[in-house]
Amino acid sequence: MTRVFSGIKPTGHLTLGNYLGAMRQWATLDQHRSEALFCIVDLHALTVDHDPARVRRLSRQAATLLLASGLDPALCTVFVQSHVDEHARLSYLLECVATDGEMRRMIQYKEKAARERRRGGSVRLSLLTYPVLMAADILAYGTDEVPVGQDQTQHVELARDLAVRFNQRYGHTFVVPRATNPPVAARVMNLQDPLSKMGKSDDTGPGIVYVLDEPDVARKKVMRAVTDSGRDVVYDREARPGVANLLEILAACSGGDPEALAGAYASYGDLKRDAAEAVVEVLRPVRERHRELCADPGHVEGVLRDGAERARAMARPTVDAAYRAIGLLPAASGAGAPVLNAAR
Ligand code: AMP
Ligand code: TRP
């Protein structure tokens, strides 16, 4: 059976971009057709300036929202990255396979590091090595497919490269994974700045629809979206990024095709109205289920505890195999174990 792994960072409230680009696919598709793991990647939230209490709160909220979006612990494994030591254990080995040049070429690193420096801040070393930890997340589970939004493609490519390199040098250990993207809305753009991704860590609130926004708030944000000059509704990501974004959001929410939908609208106003309603309707059941789950925090905690246990059992053999393959001496498991005489 295909093994699927994906993750989400607790660095901010989850957005419509997270939902359409990743979470919805996990719930409607991936958990049903594969052996799937979904992870709140909290260690990744420490790569930028962070508030410990907020990371804890957002981790809990992300877990609750994943369940609210339809992930079913009977079908998939939901867990928190820091509860499973194997991620950090494997990350170090992969740092010994990756190169610093490779890390410095990562687009997200370049962008985030530049932004941090512009603000006069310092860049955490973990921001540079972050894609290696992400590769460890993926490779520890023998993952075949990584369902992500488009912004993560380069990171998954790196995981592929590291898997291939490790296997060539030290013997076959890792499955070589590949990224999958949703057919539309793989890159939802900021409604106020359609040339930038709708990112949850950005502070431009009006352009970001959060999964937990009240319907009226979400509706207003879509109605106030920046559109392009021109009046006819055409689907052209280059020339009309604002309108293209709305068409993609509408298509993703209503199950249509952005190009075909463009032909159905005579004005930007009608398009915005329908997109706003479609967004509100798509998010409504998630918000409602989230409210129910918040009333039962013990349930979410139990899911995460079981999830971590299952994940640990799945990751351990692969990570142990990687430790042996790279040349580390296995620890003696009992008194007098003849480890030093072992063949490898
Ligand atoms: P992150 O918020 O960076 O932890 O991302 C979690 C998942 O959501 C990843 O698969 C991202 O690619 C996806 N994602 C985040 N923002 C967007 C967006 N604006 N459009 C589409 N997918 C997104
Ligand atoms: N880097 C991803 C993001 O920013 C989150 C992530 C971490 C991830 N580890 C992962 C996604 C493993 C997929 C698989 O969105």
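Residues numbered from 1 in each chain as written. Chains lettered and ligands numbered in written order. Predicted model: local features only at pLDDT ≥ 70, side-chain atom pairs only at ≥ 80, totals over all residues. Heavy atoms only, no water.

*Asks:* Describe in detail the domain arrangement of the protein, supporting the description with residues and values.
*Replies:* Domain assignment breaks the protein into domain 1 (3-181 + 297-326) and domain 2 (205-293). With 16 residues of domain 1 in contact, the opposing surface of domain 2 contributes 15 residues. Across the domain 1/domain 2 interface, buried area totals approximately 1,400 Å², and carbon plus sulfur atoms make up 76% of it. Scanning the region where domain 1 abuts domain 2 turns up zero salt bridges. At the boundary of domain 1 and domain 2, one finds three residue pairs in polar contact (both at pLDDT 80 or more). Of all the secondary structure elements, the ones that give two or more residues to the side of domain 1 that touches domain 2 are α1 (16-33), α2 (52-68) and α12 (297-325). Here the element with the most residues in the side of domain 1 that touches domain 2 is α2; it accounts for five residues. By residue class, the composition of the side of domain 1 that touches domain 2 is nine nonpolar, six polar and one charged. (Domains from an automatic or database assignment. Contact = heavy atoms within 4.5 Å. Buried area = accessible area lost by both parts, 1.4 Å probe. Salt bridge = Lys/Arg side-chain N within 4 Å of Asp/Glu carboxyl O. Polar contact = N/O pair within 3.5 Å; in protein donor to acceptor, adjacent residues only side chain to side chain. Helix = DSSP H or I, 4+ residues; strand = E, 2+ residues; numbered from the N terminus. Nonpolar A, V, L, I, M, F, W, Y, C, P; charged D, E, K, R; others polar.)

*Asks:* Just give me the short version of empty space enclosed by the protein, but keep the residues and values in it.
*Replies:* Scanning all chains against the criterion turns up two cavities of 30 Å³ or more. Computed from the structure, the largest cavity encloses a volume of approximately 40 Å³. Along the walls of the largest cavity sit Q108, Y109, K112, L127, Y130, P131 and H155, which together make up its complete lining. Those elements that provide at least two residues to the lining of the largest cavity are α5 (107-118) and α6 (125-139). Considering only residue class, the lining of the largest cavity consists of four nonpolar, two polar and one charged. Considered as a void within the structure, the second largest cavity measures approximately 40 Å³ in volume. Breaking the lining of the second largest cavity down by element, the ones donating at least two residues are α8 (215-223) and α11 (268-294). (1 Å grid on protein atoms, 1.4 Å probe; cavity = no way out; pocket = protein on both sides within 12 Å on 5 of 7 lines; lining within 4 Å. Points joined across faces, edges and corners; volume = space filled by probe spheres on them.)

*Asks:* Describe the site of ligand 2, with residues and values.
*Replies:* Of all residues adjacent to ligand 2, which total 13 residues, the nearest are K9, Y130, M134, D137 and Q152. Of all the secondary-structure elements, those providing two or more residues to the shell around ligand 2 are β1 (3-8) and α6. The biggest single contributor to the shell around ligand 2 is α6, with four residues. Of the residues that constitute the shell around ligand 2, the class distribution is seven nonpolar, four polar and two charged. (Near = heavy atom within 4 Å.)

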